[in-house]
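# A look at the structure
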Amino acid sequence: MDIVIYHNPACGTSRNALELIRHVGIEPHVVQYLKTPPSRTMVAWLAERAGKPLRNLLREKGTPFAELGLGDPGLTDDQLLDAIEAHPILLNRPIVVSPLGVGLCRPSEAVLDLLPADDLKPFTKEDGEVVIDAAGQRVKR
């Protein structure tokens, strides 16, 4: 299965999603989007494929979101894309692309919806939270 993850290694949620992908036996194509930002066309496509408004892919915390006035609901997608293009940190993460769909994987275990669910093995996130229990079942929170 070919998987792409738009990843920020400084983000715990992104690291956990990446480890979950690897945990099921898939080595994804990792795009460190702060070093290699996706094009505006790609960002628009990711939002469309995820079935979300572009605004839902914006990150507020630790970004210039407020300073740029991006909370204004009157801004167009083109204006939001301009901001993401100028400040890639505004793109929320991790975004995962799989044959099963595209999703913003927050929380990180949301990535399991985009992966094969056969024979899951126990998995605990780096903060100690159990995501897949000893019986191979997803733990719902």
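This report concerns the structure included in the present document.

What counts and what doesn't
- Residues numbered from 1 in each chain as written.
- Predicted model: local features only at pLDDT ≥ 70, side-chain atom pairs only at ≥ 80, totals over all residues.
- Heavy atoms only, no water.
- Helix = DSSP H or I, 4+ residues; strand = E, 2+ residues; numbered from the N terminus.
- Rg over C-alpha atoms; globule rule 2.2 N^0.38 Å.
- Buried < 20%, exposed > 50% of the residue type's maximum accessible area, 1.4 Å probe, protein only.
- Contact = heavy atoms within 4.5 Å.
- Areas by Shrake-Rupley, 256 points an atom, 1.4 Å probe, with all protein chains shown as cover.
- Lys, Arg positive; Asp, Glu negative; His and termini not counted.
- Charge placed at Lys NZ, Arg CZ, Asp CG, Glu CD.
- Right-handed = clockwise from strand over helix to strand, strands pointing away.
- Pairing = 2+ DSSP bridges.
- Axes fitted to C-alpha atoms, helices over the stretch in contact; angles between N-to-C directions.

## Observations regarding the overall build of the chain
Helix and strand counts for the chain stand at three helices and six strands. Listing every helix and strand of the chain by position from the N terminus yields β-α-β-α-α-β-β-β-β. Computed over the C-alpha atoms, the radius of gyration of the chain is 16 Å, within 12% of the 14 Å expected from 2.2 N^0.38 for a compact globule of 141 residues. Dimensions of the chain, computed from C-alpha atoms along their principal axes, come out at roughly 50 × 30 × 25 Å. A buried classification covers 43% of the 141 residues belonging to the chain. The contacts in the chain between residues at least 6 apart in sequence include a share of 57% that link residues at least 24 apart. About 7500 Å² of surface is accessible on the chain, with carbon and sulfur atoms providing 51% of the total. Placing the 16 positive and 19 negative side-chain charges of the chain at their respective mean positions leaves the two points 3 Å apart.

## Details of the pairing of strand 1 (residues 4-7)
Of the two faces of strand 1, the one holding Val4 and Tyr6 and the one holding Ile5 and His7 are both buried throughout. Regarding the hand of the β-α-β motif, the stretch spanning strand 1, helix 1 (residues 12-23) and strand 2 (residues 29-32) is right-handed. As defined by bridge partners, strand 1 adjoins strand 3 (residues 95-98) across three bridges and the pair is classed as antiparallel. Each residue of the ladder has a partner; that of Ile5, found in strand 3, is Val96.

## Side note on the environment of Leu18
Along the chain, Leu18 turns up in helix 1. Each C-alpha atom of the pair Leu18 and Arg40 lies 23 Å from the other, and the pair is 22 residues apart in sequence.

## A closer look at the sheet that holds strand 1
Strand order in the open sheet formed by four strands is 2-1-3-4, with mixed pairing between adjacent strands. Two strands bound the open sheet, and with one partner strand each, they are strand 2 and strand 4 (101-104). When strand polarity is set aside, the average angle formed by the axes of neighbouring strands in this sheet is 15°. Docked against the sheet, helix 1 engages strand 1, strand 2 and strand 3, running at close to 160° with respect to strand 1.

## Notes on unusual backbone geometry
In this structure, Pro94 follows Arg93 across a cis peptide bond, with omega equal to -5°. Within the fold, Pro94 resides in the loop between helix 3 (77-86) and strand 3. Cis geometry marks the peptide bond from Arg106 to Pro107, where omega comes out at 5°. Following the sequence through the fold, Pro107 ends up in the loop between strand 4 and strand 5 (123-124). For Asp119, which is not a glycine, the phi torsion comes out positive at approximately 45°. Tracing the backbone through its elements, the reader meets Asp119 in the loop between strand 4 and strand 5.

Limitation: the analysis is restricted to geometry and does not speak to function.
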